[in-house]
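# A look at the structure
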Amino acid sequence: MTRKPEESLDCAAKNRQGRRSGLQLNDLPIDVLGLIISRLPIGDAIRTGLISRQWKDLWRDHTMLTFSRATFPSCRMLNQQNFIRRVDSILQQHSGVGVERMEIKFLLRNARRDIDRWVKFAVASKTKELILDLSDLTRFFMLPVMVFHPYLDREGFYEFPCQLLDANNGGSHLQCLQLTSMYLKPAADFTGFLNLKRLNLIGVNITDEGVQNLLCNPNVLEFLEISFCRMLTKIHAPHFLNRLKHLQVDCCPVLEKIEMNCDLATLDFTGSSMTPLIFATTSSLTNVRLKTMPFCTGLDYIVTGFISNLPVVRMLEFHVVEYKKAISPQRLPKLIYLRHLKLETIVFGYGRKTDILDYAYLLEIAPFMEKLELHVQITGFFGQKDQVELALHHILCSSTVLKNMVINPEIAIVPHDAYRPPKRGAHNFVDGRDAAMEFVCKADHRNVVEVV
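These lines cover the structure that appears in this document, whether it is placed above or below. (Residues numbered from 1 in each chain as written. Predicted model: local features only at pLDDT ≥ 70, side-chain atom pairs only at ≥ 80, totals over all residues. Heavy atoms only, no water.)

Right, let's talk about the environment of Thr 191 for a bit. With respect to the helices and strands, Thr 191 occurs in the loop between strand 4 (176-183) and strand 5 (198-205). Each C-alpha atom, one on Thr 191 and one on Cys 162, is 9.3 Å from the other, the two residues being 29 residues apart in sequence. (Helix = DSSP H or I, 4+ residues; strand = E, 2+ residues; numbered from the N terminus.)

This brings us to the pattern of salt bridges. Within this structure, the stated rule accounts for 15 salt bridges. Between Lys 257 and Glu 259 there is a salt bridge, with the nearest N and O atoms lying 3.3 Å from each other. Its relative accessible area of 25% is what places Glu 259 among the partly exposed residues. With its nearest N and O atoms 3.6 Å apart, the salt bridge here joins Arg 289 to Glu 317. Of this pair, Arg 289 sits in strand 12 (residues 287-293) while Glu 317 sits in strand 13 (residues 315-322), and the two are 28 residues apart along the sequence. Under the relative-accessibility criterion, Glu 317 is labelled buried at 16%. A cluster of three or more residues bridged by salt bridges with shared partners is formed by Asp 88, Asp 114 and Arg 117. (Salt bridge = Lys/Arg side-chain N within 4 Å of Asp/Glu carboxyl O. Buried < 20%, exposed > 50% of the residue type's maximum accessible area, 1.4 Å probe, protein only.)

With that settled, consider helix 4 (residues 80-93). Taking 1.5 Å of rise per residue, the 14 residues of helix 4 would be expected to cover 20 Å, and the 20 Å separating its terminal C-alpha atoms lies within 8% of that figure. For helix 4, the complete set of buried residues consists of Asn 82, Phe 83, Ile 84, Val 87, Asp 88, Ile 90 and Leu 91. Those residues of helix 4 that are buried lie in contact with helix 3 (42-47), strand 1 (64-67), strand 2 (101-105) and helix 5 (112-124). With a side-chain oxygen positioned 3.3 Å from the backbone nitrogen of Gln 81, the residue opening helix 4 is Asn 79. (Expected span 1.5 Å × (residues − 1). Contact = heavy atoms within 4.5 Å. Polar contact = N/O pair within 3.5 Å; in protein donor to acceptor, adjacent residues only side chain to side chain.)

Quick look at the structure:
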């Protein structure tokens, strides 16, 4: 028995309608719908209430609360008052339980009562991760502002209420805390942060004593970052921090010493090469990233500085500005566990005494190295011997896949000390261009060299 074409079309339509009806979101259990909506940003989660009355209250159990300009895209003139009003409105409607992460990212001044209210909400909802970023700057702009505006007016800066996170007030649920652009003054008897595993202090005004008060009590801290803190002269942890494995210290301008009673696995430090780095032991320190200011050459720091005392380092990333020639080492350390070395250096071409080829010592220092990344930026090509040898023999003739090499005699980066770089037409500029054309371009058989 065969079906008529009309009957076949009707059956197919009914089957399609049945399949469509089986995919309706409204037919899902409420808890499943809530789980789906919880994956959305809080702003989008709230707007789902406009789709269906059934969804109107599902966002109230949202576990990820992020408040920034991006949260309120429809508000073109989002000033401080409007931002506070909108955040308050959302938190008042939220169930106040089950919050995993809460983030406030907005430039706020003279708003202590409002921010305190939000911190109390985070504590009451047993939030595990709290981020308070009260700055309008990204990390990229924090250092220039700190250098060129050291006395920037901080009137109206928020003072973080450490007493609200005291263990007696329920703050023990917090596991991750990031604070940016505020004051932090923990008292000597502060007992909070008992379960805190990660702490990031960025652009925070805190004293040496304040840091010591944070770290003096037994805790489970695993990751500590202290960056752009302009008041700190010393970072000291008197008691052994047995869980601390990762330390990041970035651009604290008056920092004179780091002394930590811990056994790190990872160290990320940006600052003066004269800053003593003292740790109870470095037996587990395998990953190191150092970016030092120009008080000694990179090779000197590797041979005689902090790096020479790292017995088991496996990965080393080192950024340095070269301004003088390294002293020929009498005795070379042996970093026998070092497998990966990434060296980034800026060499000034004018008025310098450096020699890039000194870094050949690295092959002796790390005899079992498997990967070497050497990033050299020469600002000002003046035709000096090591510049020509590096460009000709070590780059042009040795790099089989080189696509382009630009040689520019002009200085693109000015050294830290004030001086006048040579202008186009000066003898240094002419010598550099002539040397590039005479020695490098003549050996360029692939037409990859460009002299500007």
